[in-house]
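# Structural features, examined
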Amino acid sequence: MFGGERAASEELLERFLDAAACGDLALVTSLLSNAPSLLNRAGTNGWTALMLAARNGHHGLVGALLQHGCDKSLLNRSSQSAFDVAKFWGHTHICRLLLRPDPSLDPDQLSSTPVSQEGKRWIPPQSPHETYFSAEPLDRLSAKRPDQDWVRSRLKGPQTVILLFHRLSPMMRDQDGDQEGESSAMQSRLCRFSHKEVEDLLERPGSVLVFLGVERRRPPPSAADGEPRAWFALGLDSESEEELLKRSCEKHSRFAQNAHRDLLRLSEEEAGVVAQARSVLAWHSRYSHCSTCGSVSRVEEAGHKRSCESQACISHKGVHNTCYPRVDPVVIMLVVHPDQSQVLLGRKKVFPSGMFSCLAGFIEPGECVEAAVRREVQEESGVLVGPVWYVCSQPWPMPSSLMIGCLTVAMTTEINVDQEEIEEAQWFTRQQVVDSLLGGPRAAFTVPPRQTIAHQLLRHWTGLSANL
Ligand SMILES: NC(=O)C1=CN([C@@H]2O[C@H](COP(=O)(O)OP(=O)(O)OC[C@H]3O[C@@H](n4cnc5c(N)ncnc54)[C@H](O)[C@@H]3O)[C@@H](O)[C@H]2O)C=CC1
Ligand SMILES: [Mg+2]
Ligand SMILES: [Mg+2]
Ligand SMILES: [Mg+2]
Ligand SMILES: [Zn+2]
């Protein structure tokens, strides 16, 4: 190519990438129709049009580039894909678009891990949701909760789903094998019951019914009443497991035995439903009496409120949060070394051997997120930290924590663990973290499961670079 032609080609590329960064769909489309080879070309630092559109949140343009068949597995010079960039900037709707399977892709290509120009390995994205337990497949319709007639009619709806919980464990069944299109982590499904199948259980003393919401998707034309399907959770503590299991006509039905293990085997959608149901039922099981005066309290608002039976109780006046389900905020933080190339991870005595995770702790009354991060890191590791950035959150229904995930930078590096809660803490290099996330013989330690926010914070940090 002659010098003049090269300059013109570079100028065209620059115009194309600028148009992508600005979300100018018309210009991108017209440039592509004249020069289709622009589609996967990269500019400075290896950024393609898809990455720039993903960076700036241009959903329509990302969709159009994918329809043109652009390569979403390309990596920039910092080993980031368009997905990594979209995730970093919080464009979840674009992440979902980028995760859709590409029907034109050669099936053999799916198993190969993309490799950057520098030969670095890319950690493929796994989850379309922000974090496990945070999917919201149901519209909670909180305004409908006080309307008892409406709730009763939805409970009896022909499509209605009722989930059974025994002492906070949902009835579930193990899958016989992976179904097409599902990841290997989805090993269990919730058992679903109709109103008729469990009608008698609703009357049992101590049973608690919670309205969870209605499905967001439109009802199928075959739906008898044309209403979206409603979901309820029924908590039963006094019945025997055997009696309840007899009602299931599905093979391999059982109640979750270990919440920390079994609840992580559900699909993202079902985990989202369980996050709400388990937390609300856990609150009912611990707050059967008014925490203000000790009288018996009754369930109201479709399972989302408890009111004191004593009319004289002050909980009936003013705002009383004791009447509503509780959520306990917890900070969880990845502490980055001042040299930016290492992170601090700790081990609790109860962890499986070899596992290290992010430090975490409950927020105390009168404390902001930043102060809680600084205090918990100092208490547990002796390290002092400065700036704090919020990354993402996760409902953690064991029983009702809200994990607030942060990154923070250390001001000191000497470790002095409290020995009470943390038995060991250590700085790990970026390479050790990447190797451990990928697993295999080079792993320096075991990372927490991918469903935990601690795992997501580690992934987030490995994807970070000044190039973003
Ligand atoms: N999803 C994830 O990746 C992770 C989730 N977690 C969850 O975060 C929670 C808090 O983390 P920890 O390090 O244990 O907190 P922590 O460092 O504050 O220590 C726990 C102690 O705090 C006290 N405490 C203060 N407020 C409390 C409250 N509202 N409920 C219960 N105890 C309270 C208790 O004495 C308890 O033993 C844990 O329950 C754990 O389930 C913790 C780490 C990772
Ligand atoms: Mg802690
Ligand atoms: Mg602590
Ligand atoms: Mg604490
Ligand atoms: Zn009371």
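Going by the annotation in an unreviewed UniProt entry, the name recorded for the protein chain is NAD-capped RNA hydrolase NUDT12, with Neogobius melanostomus given as the source organism. For the record of the protein chain, the UniProt heading Sequence similarities (unreviewed entry) holds the text "Belongs to the Nudix hydrolase family. NudC subfamily." What the UniProt record of the protein chain gives under Subcellular location (unreviewed entry) is the line "Cytoplasmic granule".

### Section: the coordination of the magnesium ion (ligand 3)
Each protein donor to the magnesium ion (ligand 3) is listed here as E376 (OE), E380 (OE) and E421 (OE); together their distances run 2.1 to 2.5 Å. Under the relative-accessibility criterion, E380 is labelled buried at 1%. E421 sits in the partly exposed class, given a relative accessible area of 28%.

### Some remarks on unusual backbone geometry
M398 connects to P399 through a cis peptide bond whose omega is 5°. Along the chain, P399 turns up in the loop between β13 (385-396) and β14 (401-410). Phi angles above zero are rare outside glycine, and E301 is one such case at about 45°. Note on placement: E301 falls in the loop between β8 (297-300) and β9 (305-308). Judged by its relative accessible area of 28%, E301 falls in the partly exposed class. Although it is not a glycine, Q340 adopts a positive phi angle of roughly 65°. For Q340, a relative accessible area of 47% translates into the label partly exposed.

### Points about helix α2 (residues 25-34)
Those residues of α2 that fall on the buried side of the exposure criterion are V28, L31 and L32. Down the axis of α2, the sector holding all buried residues measures 100°, keeping them to one side. In α2, those exposed residues whose orientation departs by more than 90 degrees from the buried face are A26, S33 and N34.

### Overview of the pattern of salt bridges
Here the idea is simple: oppositely charged side chains can pair when their charged atoms come close. With the rule as written, the count across this model stands at 24 salt bridges. Two residues, R152 and D149, come together in a salt bridge whose shortest N-O distance is 3.3 Å. Note that R152 and D149 are positioned in helix α8 (residues 148-155) at a spacing of 3 residues, about one turn of the helix. On the basis of relative accessibility, which here comes to 43%, the residue R152 falls in the partly exposed class. A single salt-bridge network, built from bridges that share partners, covers D200, R204, E239, E243 and R247.

### Observations concerning the site of ligand 1
Taken together, the neighbourhood of ligand 1 is formed by 16 residues, with K348, A360, F362, E380 and E421 sitting nearest. The contact in question runs from an oxygen atom of ligand 1 to an N or O atom on the side chain of K348, over 3.0 Å. Separating an oxygen atom of ligand 1 from a backbone N or O atom of I453 is a distance of 3.5 Å. In isolation ligand 1 has 840 Å² of accessible area, and contact with the protein removes 61% of it. For ligand 1, the cavity whose grid points lie within 2 Å of the majority of its atoms is the second largest pocket. When contributions to the shell around ligand 1 are tallied by element, the ones reaching two or more residues are β10 (328-336), β12 (359-362), α13 (369-381), β13 and α15 (453-463).

### Things to note about the pairing of β13
In this sheet, β14 lies alongside β13 in antiparallel orientation, the contact comprising 9 bridges. When the sheet's bridge partners are listed, W389 is paired in β14 with L407. Hairpin connection of β13 to β14: 4 residues between the antiparallel strands.

### Notes on the pairing of β12
Within a regular strand, the side chains alternate between the two sheet faces. Residues L359 and G361 point to one face of β12 and are all buried, whereas A360 and F362, pointing to the other face, are not buried. Here 4 bridges tie β10 to β12, and the two strands are oriented antiparallel to one another. Looking across to β12, one finds that M333 is bridged to L359.

Conventions we followed
- Residues numbered from 1 in each chain as written.
- Chains lettered and ligands numbered in written order.
- Predicted model: local features only at pLDDT ≥ 70, side-chain atom pairs only at ≥ 80, totals over all residues.
- Heavy atoms only, no water.
- UniProt positions renumbered as here; feature names shortened; annotations may be inferred.
- Donors = N, O, S within 2.8 Å, 3.2 Å for Na, K, Ca; no water.
- Buried < 20%, exposed > 50% of the residue type's maximum accessible area, 1.4 Å probe, protein only.
- Helix = DSSP H or I, 4+ residues; strand = E, 2+ residues; numbered from the N terminus.
- Arc of directions from axis to C-beta.
- Salt bridge = Lys/Arg side-chain N within 4 Å of Asp/Glu carboxyl O.
- Near = heavy atom within 4 Å.
- Polar contact = N/O pair within 3.5 Å; in protein donor to acceptor, adjacent residues only side chain to side chain.
- Areas by Shrake-Rupley, 256 points an atom, 1.4 Å probe, with all protein chains shown as cover.
- 1 Å grid on protein atoms, 1.4 Å probe; cavity = no way out; pocket = protein on both sides within 12 Å on 5 of 7 lines; lining within 4 Å.
- Sits in = over half its atoms within 2 Å of the grid points.
- Pairing = 2+ DSSP bridges.

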